[in-house]
Amino acid sequence: MNIAHLLRRSAQLYPAQPAVLQGDQLLFTYQALGARTAALAACLRERHGVLPGDRVAIYAANAPEYLEALHAILWAGAVSVPVNYKLHAKELAYVLADSGARVVLVSEALFAAAQEAGADPAHTLVLGSEAYQAAVSHAPMPVCDRAPDDLASLFYTSGTTGRPKGVMQTHRNLLAMTACYFTDVDDVLPGDAMVYAAPMSHGAGLYNYAQVLRGGRHVVPLSGGFEPAELVQLAASVGQLTLFAAPTMVHRLVDHVRATGADVSGFKTIVYGGGPMYADDLRNALAVMGNRFVQIYGQGESPMTITALQRAQLADRDHPRWAERMVSVGVAQSLVEVRVVDAAGQPLPAGETGEVVVRGDTVMPGYWNNPTATAQTLRDGWLYTGDMGALDADGFLTLKDRSKDVIISGGSNIYPREVEEVLLLHPQVREVAVVGQRDAEWGEVVVAYLVAGEGGAVADVVLDAVCTDHIARFKRPKEYRWVEALPKNSYGKVLKTELRGQFAELQHPRLS
């Protein structure tokens, strides 16, 4: 079925219930949200020619209109393409071209970038504009019928070869993800509120469906993003607050609460994921904010749904293996199977490290227009995650390393190859290797090791400019280190583990 039926159902069951708030101010009830969504869907169909299966992009920062825009696309039977609003115009251009997006829904501040990226002005609708207000007042349409395996969303990952891949997420995938939320992550109770402090184009936005199904409130901060003081204020004024946060966000929120002594009783649940949560940070978080944390591990290819570490497991300090469980990512969620396998795809015994694989109704059918990548990632019904880990005898998964060398900085994925290709555009860069290094604020930061060509090294600002011209600013290296040669093995492969070790030694030299 079309996942948009969740909103249609809640608009009927909970018409007067608060649905969308900006800050602590109510904007729309569920009845109003359902009506605006049905109207916008009809406008997409009638004025923009959007047919079932057509792709519609959302290129916007968090905004009250984001939720109805997302659901309107689905309501019309189309496919949402949520785009990271931080992307460079050249990166956006690729996503729009590859997806074949028929319409772009865009924030006013990003309209110029969308035009630069090639969005058709006749089929670009600015959220909150006069044209948009007319669209949400259009005569409504019923929810378009869709089959469970029809495409619902295209989620573009950062590409290991410099080109992002469009993860195909079906209605079945998203409905299974939503069911797992209730069984494995958290229940949604009357009066609960999801605050969108992380980008709605990513994991935080995916959790809207569980809140919609139970008639929960959806809160967009006035800042549009993550500000610890603002979240504390919203917890007090809105109450029963749930948020999805990268570990770096959790770290900042905990530091703020500890420094100010703020009341945290208004926070219900903090779901963390998208990067490693270090043991010391988690202990501090539990000590300062109490038993409010749940961890999830997932990928766009199995959205938000591979494993979960529940609050009861985090609270069970008397368990003899609590310390080991605390640094794990939990156990397989209810509707998926998880294995750790060797290079031949054979399951490994408990305690042995291999690649994490998953199968179930949340796993994507493949990558958009990319059969080669699909065949590499989906094998014999299993999704090969590219992450290395080990399962213990009780089924708890501990991640060891990321075989694809992804850098997770502030909750955003950055692939080294993408940054390396851009840096190699400069003629003075002969070789480059990009690695992630642990950082107290961001989780990891990007560090580039470079070998100079003829003429020698160039200034950091020059390399920053090259990056700014081609990739999003958050992907730029935080540090450039010029070296005589990159460490390599006998096959010529750069030893990135050795580079990480060199950097750690520079930061924390051994005492003689």
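Note that the coordinates shown come from a computational prediction; the quantities given were computed from them, not determined experimentally.

Peer 1: What exactly am I supposed to notice about the confidence of the model for the chain here?
Peer 2: Averaged over the chain, the pLDDT score is 93; the fraction of residues at 70 or greater is 95%. Scored below 50 in pLDDT, residues 508-512 shows one contact in the model against residues more than four places distant or in partner chains.

Peer 1: Got a minute to help me understand the pairing of strand 13 (residues 293-299) in this structure?
Peer 2: Looking down a regular strand, the side chains alternate between one sheet face and the other. Taken across its seven residues, strand 13 has six buried, putting it largely inside the fold. Here three bridges tie strand 12 (residues 267-272) to strand 13, and the two strands are oriented parallel to one another. Residue pairing for strand 13: Tyr272 is matched across the bridge by Gln295. Relative to strand 14 (residues 302-309), strand 13 runs antiparallel, the two being bridged by four bridges. Bridging from a neighbouring strand, Gln295 pairs with Leu309 of strand 14. The hairpin turn running from strand 13 into strand 14, its antiparallel successor, is two residues long.

Peer 1: Please explain the packing of aromatic side chains as it appears in this structure.
Peer 2: Under the counting rule described, the total for this entry stands at four aromatic pairs. Where Tyr207 meets Phe244, the ring centres are 6.1 Å apart and the plane angle is 80 degrees; that geometry is what we call edge-to-face. With Tyr207 in the loop between helix 8 (203-206) and helix 9 (208-213) and Phe244 in strand 11 (residues 241-245), this residue pair connects regions lying 37 residues apart in the sequence. Taken together, a centroid distance of 6.4 Å and an interplanar angle of 65 degrees make the contact between Tyr272 and Phe293 edge-to-face. Here Phe293 lies in strand 13 and Tyr272 lies in strand 12, a separation of 21 residues in the sequence. Assessed through its relative accessible area of 0%, Tyr272 is described here as buried. An aromatic cluster is built from Tyr181, Phe182, Tyr207 and Phe244, whose rings are joined through pairwise contacts. Between the NZ or CZ atom of Lys86 and the centre of the ring of Phe474, over which it lies, the distance is 5.6 Å. It is Arg379 that lies over the ring of Tyr384; its NZ or CZ is 3.7 Å from the centre.

Peer 1: Please explain empty space enclosed by the protein as it appears in this structure.
Peer 2: Which parts of space are left empty comes out when a probe the size of a water molecule is rolled across the atoms. Inspection of every chain in the model, using the stated rule, returns three cavities of 30 Å³ or more. In this structure, the largest cavity occupies an estimated 110 Å³ of space. Along the wall of the largest cavity there are 14 residues; nearest its centre are Pro82, Ser153, Met200, Ser201 and Leu206. For the lining of the largest cavity, the per-class residue count stands at seven nonpolar, seven polar and no charged. Here the second largest cavity defines a volume of roughly 60 Å³. Lining the second largest cavity are Pro247, Val250, His251, Val254, Asp255, Arg258, Met277, Asp281, Asn284 and Ala285. Among the secondary structure elements, those contributing two or more residues to the lining of the second largest cavity are helix 11 (247-260) and helix 12 (279-289). Looking at which element gives the most residues to the lining of the second largest cavity, the answer is helix 11, with six residues. Classifying every residue of the lining of the second largest cavity by side-chain character gives five nonpolar, two polar and three charged.

Parameters at a glance
Residues numbered from 1 in each chain as written. Predicted model: local features only at pLDDT ≥ 70, side-chain atom pairs only at ≥ 80, totals over all residues. Heavy atoms only, no water. pLDDT = per-residue confidence, 0-100. Contact = heavy atoms within 4.5 Å. Buried < 20%, exposed > 50% of the residue type's maximum accessible area, 1.4 Å probe, protein only. Helix = DSSP H or I, 4+ residues; strand = E, 2+ residues; numbered from the N terminus. Pairing = 2+ DSSP bridges. Phe/Tyr/Trp six-rings, centres within 6.5 Å; stacked < 30°, edge-to-face > 60°. Lys NZ or Arg CZ within 6 Å of the ring centre and 35° of its normal. 1 Å grid on protein atoms, 1.4 Å probe; cavity = no way out; pocket = protein on both sides within 12 Å on 5 of 7 lines; lining within 4 Å. Points joined across faces, edges and corners; volume = space filled by probe spheres on them. Nonpolar A, V, L, I, M, F, W, Y, C, P; charged D, E, K, R; others polar.

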